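Descriptive analysis of the structure
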Amino acid sequence: PVVNGFDENAIEAALKIKDDQGGTITILSVGSGFVMDVMKKPLAMGADSLVLAEDDAFGDLDSFATAHVLAEAIRKIGRFDMVICGRQASDWDNAQVPLGVSEMLGLPCLTMAQKVEAVDGGVVVQRVLADGYEVVGADLPALVTVSNELGGPRYATLRGIMAAGRKTPTVWSA
């Protein structure tokens, strides 16, 4: 999976799929002025690689521009089966970026997942509803947004922290 940003629930969903199915996890984030100790946390948790679209021009993007940069970066990464995003960012709190990315990449979008499973060339999620949940699915590739109901993220191990310290993120400018 490609994980958008550093939402710990999205990272945990990707790690659970990796534990069950194998594969690799690429963390992707857009912005400027990244602090590497913070940025390497997903690597310490078990992600395989980190791609930072880092440029001063990316410092104050709106939802559409952020979705556009993410979609182009995902295209540049190449083959992927799933894009996993957090439900919504804490800055603007509008939940538009994942929907924009799915539209720009032509992917089905399954939102508000409390459980994510990759099965038989597709993805099945339990979507959070006000009075319970519903089970929905789509063929891969797909984009999934996860909710806080997914559960807490795993802790980075000392071995993971040491390995993350040796990894160098890929950095792309505008």
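Our structure's up above, just so we're on the same page.
Residues numbered from 1 in each chain as written. Predicted model: local features only at pLDDT ≥ 70, side-chain atom pairs only at ≥ 80, totals over all residues. Heavy atoms only, no water.

Details of the state of the cysteines
What counts here: Note on terminology: pairs of cysteine sulfur atoms within 2.5 Å are recorded as disulfides.
If you walk through the whole model with that rule in mind, you get zero disulfides. Unpaired in terms of disulfides, Cys85 finds its nearest cysteine sulfur in Cys109, a separation of 7.6 Å.

Digging into the side chain of Ser147
Note the following rule: Secondary structure elements follow DSSP: runs of H or I no shorter than four residues count as helices, runs of E no shorter than two count as strands, and numbering proceeds from the N terminus. N or O atoms within 3.5 Å of each other form a polar contact, as long as, within protein, one can give a hydrogen and the other can take it, and as long as residues adjacent in sequence are counted only when both atoms are side-chain atoms. Contacts are assigned to residue pairs with any non-hydrogen atoms lying within 4.5 Å of each other.
Here Ser147 shows up in the loop between strand 8 (142-146) and helix 6 (158-166). Of the polar contacts made by the side chain of Ser147, one reaches the side chain of Glu149; its length is 2.6 Å. Ignoring sequence-local partners within four residues, the contact set of Ser147 consists of Asn9, Arg87, Met112, Ala113, Gln114 and Val128.

Things to note about the nonpolar core
Definition in use: Grouping buried Ala, Val, Leu, Ile, Met, Phe, Trp, Tyr and Cys residues that are joined through side-chain atoms within 4.5 Å yields what is termed a nonpolar core. A 1.4 Å probe rolled over the protein chains alone gives each residue an accessible area, and that area as a share of the maximum for its type sets the label: buried under 20%, exposed over 50%, partly exposed in between.
In terms of nonpolar packing, the biggest core is built from 30 residues, with Met82, Ile84, Val116, Val123, Val144 and Val146 touching the most fellow members. Secondary-structure elements contributing two or more residues to this core are helix 1 (8-21), helix 3 (41-45), strand 3 (49-54), strand 4 (82-86), strand 5 (109-119), strand 6 (122-129) and strand 8. The element contributing the most residues to this core is helix 1, with six residues. Ile74, Val83, Val97 and Trp172 belong to the second-largest nonpolar core, a separate cluster that totals 21 residues.

Some words on helix 1
In plain terms, the rule: Expected span of a helix: the number of residues minus one, times 1.5 Å.
If you check helix 1, its first and last C-alpha atoms are 20 Å apart, about what 14 residues at 1.5 Å a residue would give, namely 20 Å. Turning to helix 1, its buried residues are Asn9, Ala10, Ile11, Glu12, Ala13, Ala14, Leu15 and Ile17. The backbone nitrogen of Asn9 has a side-chain oxygen 2.9 Å away, supplied by the residue at the start of helix 1, namely Asp7. Positioned one or two residues after helix 1, Gly22 has a phi angle of 85°, which is positive.

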